[in-house]
Each structure stands twice: as structure tokens, then as C-alpha cells.
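Residue strings, one per chain:
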Amino acid sequence: AAAFELRKTVVMVGMMGAGKTAVGRALAARLGVPFLDSDAEIESAANMSIPEIFARDGEKFFRRKESQVIGRLLNEARGVLSTGGGAFLSAENRKMISERGASVWLNADLDVLWNRVRHKDTRPLLRTADPRATLSGLFEARVPFYSQADLTVVSDGDAAIEEMVDRVIAALL
Ligand code: S3P
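All values reported here derive from a predicted model rather than from experimental measurement.

Asker: Please clarify how the site of the ligand should be interpreted in this entry.
Answerer: Surrounding the ligand, one finds Met16, Lys20, Thr21, Asp39, Ile50, Gly84, Gly85, Gly86, Arg123, Pro124 and Leu125. Grouping the amino acids of the shell around the ligand by side-chain chemistry returns four nonpolar, four polar and three charged.

Below you can see the structure in the form of C-alpha cells.
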């Protein structure tokens, strides 16, 4: 059994490439609580990858699934929940998260984000003629939402994952 139970689920929000999954997983391990990942849940429920879901069913369908999965995960277990980069844009999602979770915005600057996503082909929203410009535009449009998170932790390019975990814990305490 875990040493203690969290009162709320810690919900990682922020841009693609901010480190939500890596830091969230390491934070859960450090705390000895379950790690939950909305993107991974959507993929395993659909038995398809996220690019496949976007291509076959579209972003709207994905967003509906995402809200359902976040609601279910927030009900099922308290732990650390990593969300996809678009999840915190929805007022419905923000409401669920604020009621049952403590949200943490992992904020990294554009260069850091770009360096982490540029070699991957897993983000359908970046399949554009100029993906760096797309990433930049998304970032700018989303800051007003991310900044509504309960806490902000800066994720610079040099910080190791365990250092990021230290920062999140320091912000939570
Ligand atoms: C998205 C981010 C992705 C995934 C989907 C949409 C977004 O998650 O949910 O491709 O809108 O920013 P990550 O933030 O884990 O890459």
C-alpha cells in the first residue's frame, strides 16, 4: 500500500514537449501513487494511436474522448494525471480538474518545446508546412488558459527530470 493517499490528483498541464508525461510519471513514482495519462488511456481504449484517431475521427471526436477520459480518471483514482496539451483549453475540463485536482502548468519556452517535439511524428497538430510556427501560435493562444492552473513550474531545457520533480513538490508543499 502507498505510504499516504493524496487528497487531490495532481494534474500536469501545458504544451506538447513540456515534459508532462516524463515529469508526471517520475513524480508519481517518487510519491508512490498511481500514474495516469489521458493520451495513453484514449489510445488504449480506441486501440489506435493519436495520429490515427485524428486522421480517422477528427479532432472534435478526440476532444470528446479526452473529456470523458479525464472525468473517469479523476473519479477512479487519486494520483498524478498527465493530460494532452489541449486538455486545459476546455472550460468543462478545467472545471473538472479544479474540483478534483491540483493543476500544475509545466511551462517551457518555445525553443525547449521545439527541440523536444521536432524529431517526433506523434503530434497531428504539428503536421503543417511550418510546424515551428504552428507550435509558436498554439503556445501564444494557450498561455491564457495554462496560466489559470493552480501552480506554475518552469521547465527549462537543462533541468533533469528528477530536478523537475523536486520543483513540482516544492510548489505543491
Ligand atoms: C495535443 C497534444 C498531445 C495530444 C494531441 C493534441 C495538443 O499531447 O493530446 O496530439 O492539442 O496540444 P501531448 O501534450 O502529450 O503531446
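Asker: Whenever I open this one, the sheet that holds strand S4 (residues 101–107) confuses me. Can you help?
Answerer: Strand pairs in the sheet, formed through backbone hydrogen bonds, run parallel or antiparallel to each other. The five strands lie next to each other as S2-S3-S1-S4-S5, forming an open sheet whose pairing is parallel. The open sheet has two free edges, formed respectively by strand S2 (35–37) and strand S5 (151–154), since each of these has just one partner strand. Put simply, the sheet's adjacent strands are angled 25° from each other on average, direction ignored. The strands touched by helix H2 (residues 38–46) are S2 and strand S3 (80–82); relative to S2, the strand with the most contacts, the crossing angle is about 65°. Against the sheet, helix H4 (residues 91–100) engages strand S1 (9–13) and S4, with an angle of about 115° to S4.

Asker: What's the story with the nonpolar core in this structure? I'm lost.
Answerer: Proteins that are soluble and globular tend to have nonpolar side chains buried together. Grouped together as the largest cluster of nonpolar side chains are 40 residues, with contacts concentrated most on Met12, Val13, Leu27, Val80, Val104, Leu106 and Leu113. Of all the secondary-structure elements, those providing two or more residues to this core are S1, helix H1 (20–31), helix H3 (50–76), S3, S4, helix H5 (110–117), helix H6 (131–146) and helix H7 (161–172). The biggest single contributor to this core is H3, with six residues. Those residues within four positions of Val104 in sequence are excluded, and the remaining contacts are Val10, Val11, Met12, Val13, Ala149, Leu151, Val153, Val168 and Ala171.

Reading the values: rules and limits
- Residues numbered from 1 in each chain as written.
- Predicted model: local features only at pLDDT ≥ 70, side-chain atom pairs only at ≥ 80, totals over all residues.
- Near = placed C-beta within 6 Å.
- Nonpolar A, V, L, I, M, F, W, Y, C, P; charged D, E, K, R; others polar.
- Pairing = 2+ DSSP bridges.
- Helix = DSSP H or I, 4+ residues; strand = E, 2+ residues; numbered from the N terminus.
- Axes fitted to C-alpha atoms, helices over the stretch in contact; angles between N-to-C directions.
- Contact = placed C-beta atoms within 7 Å.
- Core = buried A, V, L, I, M, F, W, Y, C linked by C-beta atoms within 7 Å.
- Buried ≥ 20, exposed ≤ 12 C-beta atoms within 10 Å, placed from the backbone.

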